[in-house]
Amino acid sequence: MTLRNSPDAYGAIARTAHWATALLVVVAWLLGQFLDVFPRGPTRGDALFVHMTLGLAIVGLAVLRLAWRALDPPPPALVGSRFEPWLGLAAKAGHGLLYLLLIATPILGVTLQFARGNPVPALGLFDVASPWAADRALARQILELHELAADALGVVALGHAVAALFHHWALGDRTLARMLPGLARQSGASSQD
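Structure report, in brief. Note that the structure is a prediction, hence the values are computed from the model and not measured.

The rules we used
- Think of each chain on its own: its residues are numbered from 1, step by step along the sequence as written.
- This being a predicted model, a pLDDT of at least 70 is required before a residue's local features are given, and a value of 80 or more before pairs of side-chain atoms are given or counted; all residues contribute to the totals for chains, interfaces and linings.
- Hydrogens and waters are ignored; side-chain quantities use all the structure's heavy atoms.
- Detection works on a 1 Å grid of protein atoms alone, calling trapped sets that fit a 1.4 Å probe cavities and calling open sets with protein on both sides within 12 Å along at least five of seven lines pockets, with lining residues defined by an atom within 4 Å of a point.
- Grid points are joined across faces, edges and corners, and a volume is the space filled by probe spheres set on the points.
- Only DSSP runs of H or I reaching four residues or more are called helices, and only runs of E reaching two or more are called strands; each is numbered from the N terminus.
- In what follows, salt bridge is the name for a side-chain nitrogen of Lys or Arg lying within 4 Å of a carboxyl oxygen of Asp or Glu.
- Each residue gets one of three labels from its accessible area relative to the maximum for its type: buried under 20%, exposed over 50%, partly exposed in between, using a 1.4 Å probe on protein chains only.
- One less than the residue count of a helix, multiplied by 1.5 Å, gives the span that helix is expected to have.
- The contact rule is simple, with two residues in contact once any of their heavy atoms fall within 4.5 Å.
- Only the stretch in contact is used when a helix axis is fitted, and all axes are lines through C-alpha atoms; the angle between N-to-C directions ranges over 0 to 180 degrees.
- Roughly parallel refers to an angle under 35 degrees, roughly antiparallel to one over 145, roughly perpendicular to one between 65 and 115, and oblique to any angle outside these ranges.
- The handedness criterion is simple: a crossing whose near helix is rotated anticlockwise from the far helix by less than a right angle is left-handed, and one whose near helix is rotated clockwise is right-handed.
- Each pair of aromatic rings taken from Phe, Tyr and Trp, with Trp reduced to its six-membered ring, is defined by centres within 6.5 Å and is described as stacked if the planes are under 30 degrees apart, edge-to-face if over 60, and tilted in the remaining cases.

**Some remarks on the layout of surface pockets**
Part 1 of the argument: In this structure, the second largest pocket encloses a volume near 760 Å³.
Part 2 of the argument: Around the second largest pocket, the lining comprises 33 residues; the ones closest to its centre are Gly32, Leu35, Leu48, His51 and His146.
Part 3 of the argument: When contributions to the lining of the second largest pocket are tallied by element, the ones reaching two or more residues are helix H1 (12-33), helix H2 (42-71), helix H3 (86-115) and helix H4 (136-171).

**Side note on the pattern of salt bridges**
Part 1 of the argument: Throughout the structure, instances matching the rule amount to two salt bridges.
Part 2 of the argument: In this structure, Asp72 and Arg4 form a salt bridge, with 3.7 Å as the shortest nitrogen-oxygen distance. In this pair, Asp72 sits in the loop between H2 and H3 while Arg4 sits in the segment before H1, placing the two residues 68 residues apart along the sequence.
Part 3 of the argument: Here Arg4 falls in the partly exposed class, since its relative accessible area comes to 43%.
Part 4 of the argument: The partner of Arg44 in a salt bridge is Asp36, and the shortest N-O contact between them spans 3.9 Å.
Part 5 of the argument: According to the relative accessible area criterion, Asp36 is exposed, its value standing at 64%.

**Considering H2**
Part 1 of the argument: Between its first and last C-alpha atoms H2 spans 43 Å; for 30 residues at 1.5 Å apiece the expected length is 44 Å, and the two agree.
Part 2 of the argument: Taken together, the buried positions of H2 are occupied by Arg44, Ala47, His51, Met52, Thr53, Leu54, Gly55, Ile58, Val59, Leu61, Ala62 and Arg65.
Part 3 of the argument: In this fold, the buried residues of H2 make contact with H1, H3, strand E1 (120-122) and H4.

**Let's talk about the packing of H1 against H2**
Part 1 of the argument: Running from N to C, H1 and H2 cross one another at 155°; their axes reach a closest spacing of 9 Å. Considering the angle they form, H1 stands roughly antiparallel to H2. Along this stretch, H1 crosses H2, giving a crossing that reads as left-handed. Between H1, through Ile13, Ala14, Ala17, His18, Ala20, Thr21, Leu24, Val25, Val27, Ala28, Leu31 and Gly32, and H2, the contact on the second element is made entirely by Ala47, Val50, His51, Leu54, Ala57, Ile58, Leu61, Arg65 and Trp68.

**Examining the packing of aromatic side chains**
Part 1 of the argument: With the rule as written, the count across this model stands at one aromatic pair.
Part 2 of the argument: Arranged with centres 6.0 Å apart and planes meeting at 75°, the rings of Phe114 and Trp132 form a pair that is edge-to-face. One end of the pair, Phe114, is in helix H3; the other, Trp132, is in the loop between strand E2 (126-128) and H4, and 18 residues separate them in sequence.
Part 3 of the argument: The exposure class of Phe114 is buried, given its relative accessible area of 11%.

As far as function goes, none of this settles anything; it's purely spatial.
Written out as structure tokens, the structure reads:
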């Protein structure tokens, strides 16, 4: 597998970043959903620290992915479906919304911490102090937005996965296979785009 994208498949860098992002989003979302299950005190504080660290990693990875995408454009979309050009437009809109939510959700989380008057731990290396005093009403509003954005990210990511499976099973094309290391190699050798 090559590091860079080819006309037939995504390269190792794009694939690794894609699957790492997916894993981080799932774990961060689960931690956010079940944060109240952790007992108050150091245990919940540790869980929140991990949640925030994952959020910062997600936004950092999303920015790196966008930069890499500019340097190494993805393989061309597979065409030939009776659903074109609608599938192509839906894919572009879905990807744009995914990237927007990957960046906006953690930024809302950081803003939430600041609205609570709390510092944000920068990957455990140092803390970034809140630039303003605690404001409970504002924090509640931002919490609602953060939760809404996180849930929207989950729904859009699920739609992304369903679309990939639709391509694979219903349309029979290689859209999904191009992002999976084993399948990309096998199907790349046996079929043409």
